[in-house]
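Analysis of the macromolecular model
Read off the chains here:
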Amino acid sequence: MANMAQAIRMALHYGEENLGVKEIFGEDVGPPLGGVFTVTQGLKTAWNSPLDERGIVGAALGLAWAGSRPVAEIQFVDYIFNSIDLLKLCGNSLWASGGRFKTPLVIMTPTGSGIHGSLYHSHSFDSVATKLHGMKVVCPSTPLDAYGLMLSSIKDDNPVLYLKPKALLRAKGQELIPGEPADERTLKEMIDAPIGNRSQWKPRWPDLQDYSIPIGEAKISREGTQATVVTHGRLAPICLDVAKEMAEEGSGDVEVIDLRSLIPYDWGCVQSSIRKTGRVIFINEETEITNFGEHLIRRTIDEMFYELAVRPRLLAGKALPGIGLSPILEYASVPQIADVQRSIQELLAEPA
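The paragraphs below set out a description of the structure included in this document. All figures in this text were calculated on a predicted structure; none of them were measured in a lab.

Between helix H1 (residues 4-18) and helix H6 (residues 184-191), the shortest axis-to-axis distance is 12 Å and the interhelical angle comes to 55 degrees. Relative to H6, H1 is oriented oblique. Taken as a pair, H1 and H6 cross one another with a handedness that is left-handed. Between H1, through Gln 6, Arg 9 and Met 10, and H6, the contact on the second element is made entirely by Leu 187, Lys 188 and Ile 191. A per-class count over the contact of H1 with H6 returns 3 nonpolar, 1 polar and 2 charged.

Burial runs high along strand S4 (residues 106-111): 6 of the 6 residues are buried. Of the two faces of S4, the one holding Val 106, Met 108 and Pro 110 and the one holding Ile 107, Thr 109 and Thr 111 are both buried throughout. After leaving strand S3 (residues 71-73), the chain enters helix H3 (residues 84-96) and then returns to the sheet as S4, a path that is right-handed. Inspection of the sheet shows S4 paired to strand S6 (residues 160-165) by 6 bridges, in the parallel sense. Bridged to Val 106 within S6 is Val 160.

Let us look at the environment of Met 108. Within the secondary structure, Met 108 sits in strand S4. Considering only alpha carbons, one finds Met 108 and Thr 142, 34 residues apart in sequence, at a separation of 16 Å. Setting aside anything within four residues of it in sequence, one finds Met 108 in contact with Ile 8, Leu 12, Val 39, Thr 40, Val 71, Ala 72, Glu 73, Ile 74, Met 150, Tyr 162 and Lys 164.

What follows concerns the layout of surface pockets. Taken as a whole, the largest pocket spans an internal volume of roughly 450 Å³. Around the largest pocket sit 20 residues that line it, and Ser 141, Thr 142, Gln 174, Pro 237 and Leu 240 are the ones nearest its centre. Within the residue set of the lining of the largest pocket, elements represented by two or more residues are helix H5 (143-155), strand S7 (219-222) and helix H7 (235-249). The leading source of residues in the lining of the largest pocket is H7, at 5 residues. Split into classes, the residues belonging to the lining of the largest pocket amount to 9 nonpolar, 5 polar and 6 charged.

Next up on the list: the environment of Gln 6. Tracing the backbone shows Gln 6 in helix H1. Sequence separation between Gln 6 and Pro 143 is 137 residues, and the spatial gap between their C-alpha atoms is 7.9 Å. Residue contacts for Gln 6: discarding those within four places in its chain leaves Met 1, Leu 187, Lys 188, Ile 191 and Asp 192.

Definitions and cut-offs
Residues numbered from 1 in each chain as written. Predicted model: local features only at pLDDT ≥ 70, side-chain atom pairs only at ≥ 80, totals over all residues. Heavy atoms only, no water. Axes fitted to C-alpha atoms, helices over the stretch in contact; angles between N-to-C directions. Helix = DSSP H or I, 4+ residues; strand = E, 2+ residues; numbered from the N terminus. Parallel < 35°, antiparallel > 145°, perpendicular 65-115°, else oblique. Left-handed = near helix turned anticlockwise from the far one by under 90°. Contact = heavy atoms within 4.5 Å. Nonpolar A, V, L, I, M, F, W, Y, C, P; charged D, E, K, R; others polar. Buried < 20%, exposed > 50% of the residue type's maximum accessible area, 1.4 Å probe, protein only. Right-handed = clockwise from strand over helix to strand, strands pointing away. Pairing = 2+ DSSP bridges. 1 Å grid on protein atoms, 1.4 Å probe; cavity = no way out; pocket = protein on both sides within 12 Å on 5 of 7 lines; lining within 4 Å. Points joined across faces, edges and corners; volume = space filled by probe spheres on them.

Next up, the structure:
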């Protein structure tokens, strides 16, 4: 099975061949590296930009206005903060022009913790991203979702911020990408560049197929009856594993919702699940103050107060200026497996 980096790479190749993508660029995106996480390795339209995040976003915006469908990468989301004014311009262009200036661009960037990257390689951007009104924001947690969301992002006439969880880019999927060979060694031989001299190497792409996941459609990763967990990105597989373990132990029947899209988000899916369980916790690794999950809690209380058995909860990262280099500091800064287990158990144990 493909890992997430391979899935995104295959989606970008499909975009080159079938969806009109002619420009894929960013810092070290082109040969020989093909991106820090090899997401753009072997792509024929990938090229290296200057080390200038504002220039990358500005170039992508200009290309989109000119009728292209560019995919630009900010090497790590931690570097994106100096381009927020341009991201805001990307977001409001279609709206402000009354629909005349389509802005079909994708900004992809690795987000979140999990690689022990300290201050400049561990940020989450979810809460800031959801304030850039007019931009769609997606964050996959599986390779198949990464493939499907990338194709939908490329097709969209709105700008899309595509957040790639750093810690999941080497995680293998459990479902085949449409057209992917079943043997992962075969796939690696076909599309992963060899170590060493790559000057003569060219990928042999599988016969990839279209597979789009609608932006704004959540996924119920596990059905349950006693509590609802709403999550996304790096913490989605952690929450799913905890829910499965609790079910096996007989300690709880928990429904897990993977949002996949933060803007727009699938409120109908969340609402239906809360109505069924009466208990909900929102789990993500963004800092807890002005967290996107806080918005969802506010909406839950406003619209579903009398359908709740207990108060809604939030498990999020600590409100710190950054994440330390030491693994011990990182583990203490953002939710880990034990934190997820404890929080769900407390939710289930609270008297109605």
